[in-house]
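Take a look at the letters that make up each chain.
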Amino acid sequence: MTVHIGVVGTGMIGRDHIRRLTDVVAGAEVVAVTDVDAELAREAAAGVGARALPTGQDVIDDPGVDAVVVTSWGPTHAEYVLAAIAAGKYVFCEKPLATTAADCLRIVEAEQASGRRLVQVGFMRRYDVGYQEMKQALSGLGPVLLMHCAHRNPSVPTEYHSDMAIQDTAVHEIDIIRWLLDEEIATAQVVVPKQTTRKFEHLRDPQVMLFDTESGVRIDLEVFVNCQYGYDVRHETVCEAGAVRLPDPGLLHSWKQRFGAAFDTEFTEWVSSVQAGNLVGPTAWDGYAVAVTSDATVEARRTGKTVSVRLKDRPAFYGS
Ligand code: NAD
Ligand code: ISE
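Undergrad: Could you give an account of the pairing of strand E5 (residues 90-93), with specific residues and numbers?
TA: Here E5 shows no split at all, with Tyr 90 and Phe 92 on one side and Val 91 and Cys 93 on the other all buried. Of the pairings in the sheet, the one linking strand E4 (residues 67-70) to E5 comprises four bridges and is parallel in character. Each bridged residue has a counterpart across the sheet, and for Val 70 the counterpart in E5 is Cys 93. As paired strands, E5 and strand E6 (residues 119-121) are joined by three bridges and run parallel to one another. Bridging across to E6, Phe 92 finds its partner in Gln 120. For the segment spanning E5, helix H5 (residues 101-114) and E6, crossover handedness is right-handed.

Undergrad: Give me the sheet that holds strand E11 (residues 232-239): which residues, what numbers.
TA: The seven strands lie next to each other as E12-E11-E7-E10-E9-E8-E13, forming an open sheet whose pairing is mixed. Looking at which strands have only one partner, the edges of the open sheet turn out to be strand E12 (242-245) and strand E13 (307-308). Judged from the seven bridges that link them, strand E7 (residues 144-152) and strand E10 (residues 218-224) form a sheet pairing that is parallel. What sits directly across from Arg 152, in E10, is Phe 224. In the packing of helix H7 (residues 164-181) onto the sheet, the strands contacted are E7, strand E8 (185-191), strand E9 (207-213), E10 and E11, and the crossing angle to E7 comes to about 150°. Each of E8, E9 and E13 is contacted by helix H9 (residues 284-303), which is oriented at about 35° to E8, the strand it contacts most.

What counts, and at which threshold
Residues numbered from 1 in each chain as written. Chains lettered and ligands numbered in written order. Predicted model: local features only at pLDDT ≥ 70, side-chain atom pairs only at ≥ 80, totals over all residues. Heavy atoms only, no water. Buried < 20%, exposed > 50% of the residue type's maximum accessible area, 1.4 Å probe, protein only. Helix = DSSP H or I, 4+ residues; strand = E, 2+ residues; numbered from the N terminus. Pairing = 2+ DSSP bridges. Right-handed = clockwise from strand over helix to strand, strands pointing away. Contact = heavy atoms within 4.5 Å. Axes fitted to C-alpha atoms, helices over the stretch in contact; angles between N-to-C directions.

And the structure:
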């Protein structure tokens, strides 16, 4: 069965996912797209023989659309994810699931009320071979004690501000830490070390985030978004009986290069799971937990204090 897909948001990653769903993933066809920039939507639609529709709601309501991909700006995600749930359609939402924890919770509640999993969040690092091998290796190395992580981007646009280093960038580590350890982050702290001269007035860069998990694993994460030299993601996990780190892929320039294969695997799995009627990827609960942790980390940076991460109890609907 071919899954007929509607895409809301035909910007940078939206167009990349349309290409992926058209050229890489079997069993998928992009049939409708939209963007507030109608010309952009028309161009993206013409490239794959899809229809350009006026709004996201039109795409979701279209009877020819089986499943929806949301790749518009973060603040618009909640509205479209909720509309897809209301329409009973599967929805893949790029990170963030929503820009507030309260909106993530509304999505979690709406999905539970619908009675089945419909939402997947685009935490694509879980599909990266390096992280998958790390997760496998951890099972033979005894208790995890420490993680050392770095997330460096060559540069960011001038509108990028200090909170975005957490909300837009560190969220990938927040999710992958939870996934690797199968536990939640319990506290967050942020240290602002010596700054690059290339930072902007409204951007602290680099920032060092310190997390403790429920079991006491200590994690340090350097986020350095104007590092100039390349796109560099590092992660080392130190256990009682050894350490494991991500392989070095050499000098790269963007997240598209670094995680291209992970995006391909992520969408291949998503389409198969939609066909099977059984989603298995990152859940709306993961989107909520990351949002709460990210909010606590923002508060920690603003106040200079260590802030506790307080999640609601995980509903049985999302498994253990
Ligand atoms: P972008 O600005 O290039 O594209 C977003 C598009 O959404 C724009 O074309 C904009 O006109 C459109 N849009 C905004 N509001 C809309 C609405 N209400 N209805 C329809 N279209 C609307 O941004 P991008 O880099 O493509 O990022 C999009 C999303 O993907 C963001 O949430 C971002 O965080 C996420 N993202 C994820 C990764 C990743 O590594 N997983 C990488 C980049 C971006
Ligand atoms: C961007 O939005 C992403 O999601 C990338 O994966 C990340 O590396 C980058 O820092 C973000 O701005």
